[in-house]
Amino acid sequence: MQSKRAEVRIEDSKILSNDWYTLTKYTFDLRRRDGEWQRQHREVYDRGNGATILLYNRQKRTVILTRQFRFPVFINGHDGYLIEAAAGLLDNMDPERRIKAEAEEETGYRVENVQKVFEAFMSPGSVTEKLYFYTAEYQSGDKISQGGGIEAEGEDIEVMEMTLDDALAAVDSGLICDGKTIMLLYHVALKKLL
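Residues numbered from 1 in each chain as written. Predicted model: local features only at pLDDT ≥ 70, side-chain atom pairs only at ≥ 80, totals over all residues. Heavy atoms only, no water.

Going by an unreviewed UniProt entry, the protein carries the name GDP-mannose pyrophosphatase and comes from Phytobacter ursingii. Check the Subunit (unreviewed entry) section of the UniProt entry for the protein; it says "Homodimer." Under Sequence similarities (unreviewed entry), UniProt gives the following word-for-word description of the protein: "Belongs to the Nudix hydrolase family. NudK subfamily." (UniProt positions renumbered as here; feature names shortened; annotations may be inferred.)

Asks: How should the overall build of the protein be read in this particular structure?
Replies: Of regular secondary structure, the protein possesses four helices and ten strands. Over its C-alpha atoms, taken along the principal directions, the protein stretches across nearly 60 × 40 × 35 Å. Within the span of the protein, comprising 194 residues, buried residues form 36% of the whole. By sequence separation, contacts in the protein at least 24 residues apart represent 56% of the contacts at least 6 residues apart. A total accessible area of about 12000 Å² is found for the protein, and carbon and sulfur atoms account for 47% of it. (Helix = DSSP H or I, 4+ residues; strand = E, 2+ residues; numbered from the N terminus. Buried < 20%, exposed > 50% of the residue type's maximum accessible area, 1.4 Å probe, protein only. Contact = heavy atoms within 4.5 Å. Areas by Shrake-Rupley, 256 points an atom, 1.4 Å probe, with all protein chains shown as cover.)

Asks: Got a minute to help me understand the UniProt feature "binding site: Mg(2+)" (unreviewed entry) in the protein in this structure?
Replies: As recorded in UniProt, the sites labelled "binding site: Mg(2+)" (unreviewed entry) are Ala 87, Glu 102, Glu 106 and Glu 155. Despite a sequence span of 69 residues, these residues sit close together in the fold, their greatest C-alpha distance being 12.0 Å. If you trace the backbone, Glu 102 turns up in helix H2 (residues 95–107). With relative accessibility at 5%, the residue Glu 102 sits in the buried group. Not counting residues up to four positions away in its chain, the partners in contact with Glu 102 are Ala 87, Gly 88, Thr 107 and Glu 155. In this structure, Glu 155 sits in the loop between strand S9 (130–137) and strand S10 (158–163).

Asks: Looking at this model, I keep getting lost on the UniProt feature "short sequence motif: Nudix box" (unreviewed entry) in the protein. Mind explaining?
Replies: Per the UniProt record, "short sequence motif: Nudix box" (unreviewed entry) is found at residues 88–109. This span, residues 88–109, is 59% helix and 9% strand, and a straight line between its end C-alpha atoms measures 15 Å.

Asks: Where do I start with the packing of helix H3 (residues 164–173) against helix H4 (residues 179–190) in this structure?
Replies: Angle between the axes and distance between the axes: these two values describe a pair of packed helices. At a minimum axis separation of 11 Å, H3 and H4 run at an interaxial angle of 135°. By the angle between their axes, H3 is oblique relative to H4. Crossing of H3 over H4 shows left-handed handedness. Two secondary-structure elements touch here, H3 through Leu 164, Ala 167, Leu 168, Val 171 and Asp 172 and H4 through Ile 182, Leu 185, Tyr 186, Val 188 and Ala 189. Across the contact of H3 with H4, the residue classes tally to nine nonpolar, no polar and one charged. (Axes fitted to C-alpha atoms, helices over the stretch in contact; angles between N-to-C directions. Parallel < 35°, antiparallel > 145°, perpendicular 65-115°, else oblique. Left-handed = near helix turned anticlockwise from the far one by under 90°. Nonpolar A, V, L, I, M, F, W, Y, C, P; charged D, E, K, R; others polar.)

Asks: Looking at this model, I keep getting lost on the environment of Ala 101. Mind explaining?
Replies: Relative to the assigned elements, Ala 101 resides in helix H2. Ala 101 sits 14 residues away from Ala 87 along the chain, and the two C-alpha atoms are 9.9 Å apart.

Asks: Just to check I follow, could you spell out the side chain of Thr 135 for this structure?
Replies: Structurally, the position occupied by Thr 135 is in strand S9. Not counting residues up to four positions away in its chain, the partners in contact with Thr 135 are Ile 53, Leu 54, Tyr 56, Asn 113, Val 114, Gln 115, Val 117, Leu 184, His 187 and Val 188.

Asks: What am I meant to see in the packing of aromatic side chains here?
Replies: Any two aromatic rings considered together are summarised by their centre-to-centre distance and by the angle between their planes. One pass over the full model with this rule turns up seven aromatic pairs. A ring pair is formed by Trp 20 and Tyr 21, whose centres lie 5.6 Å apart and whose planes are at 75°; its orientation type is edge-to-face. Trp 20 sits in the exposed class, given a relative accessible area of 65%. One aromatic cluster is present, formed by Phe 69, Phe 71, Phe 74 and Tyr 81 through successive ring pairs. For the cation-ring pair, Arg 9 lies above Trp 37, with the distance from its terminal atom to the ring centre recorded as 3.8 Å. (Phe/Tyr/Trp six-rings, centres within 6.5 Å; stacked < 30°, edge-to-face > 60°. Lys NZ or Arg CZ within 6 Å of the ring centre and 35° of its normal.)

This is the structure:
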């Protein structure tokens with residue numbers, strides 16, 4: 001199946017907020033499949049693109065995950081602390097270079113050989129962000145710091161080493177409920193990397 005580019009005429013845009021990231025209201029016309037044009041309005045949140053990585057150890061059958069506070073999930077009824085794969089915004093960097101730096105900042109592990117898995121839009125109905133997904137093998141000797149993120153950016157990250165089986169059980173129980181992390185854990189299990 002080939003990709004088909006939408007026919008869109010943007011009629012108006014208005015920035016609603018430009019504090020943390022940019023929220024813009026768009027008015028546009030979209031040509032429907034029957035050939036008719038339809039006027040639509042959407043609010044779009046632009047926070048830039050990001051990357052995520054799951055570190056795994058083949059011999060120990062373990063993965064490195066992080067736990068940190070996420071305010072949006074807290075106000076949606078969660079306890080606020082999500083268990084996640086390391087991730088971050090690209091900040092105008094190449095995705096591979098950025099995710100290597102992010103893995104080191106968050107987990108304390110320096111990895112060189114990262115494998116790109118895929119790219120995905122995580123919330124395409126309202127957020128522009130595209131995530132670049134990676135995996136990398138780690139060894140105990142690759143740990144060069146405690147990790148934990150950057151305090152000036154509000155990060156207070158706990159680094160966790162779990163067996164793949166425990167991580168998958170945590171998905172089943174709902175303890176791990178972060179989409180990008182679930183996708184990477186299932187990828188590693190499906191591809192039998194561990």
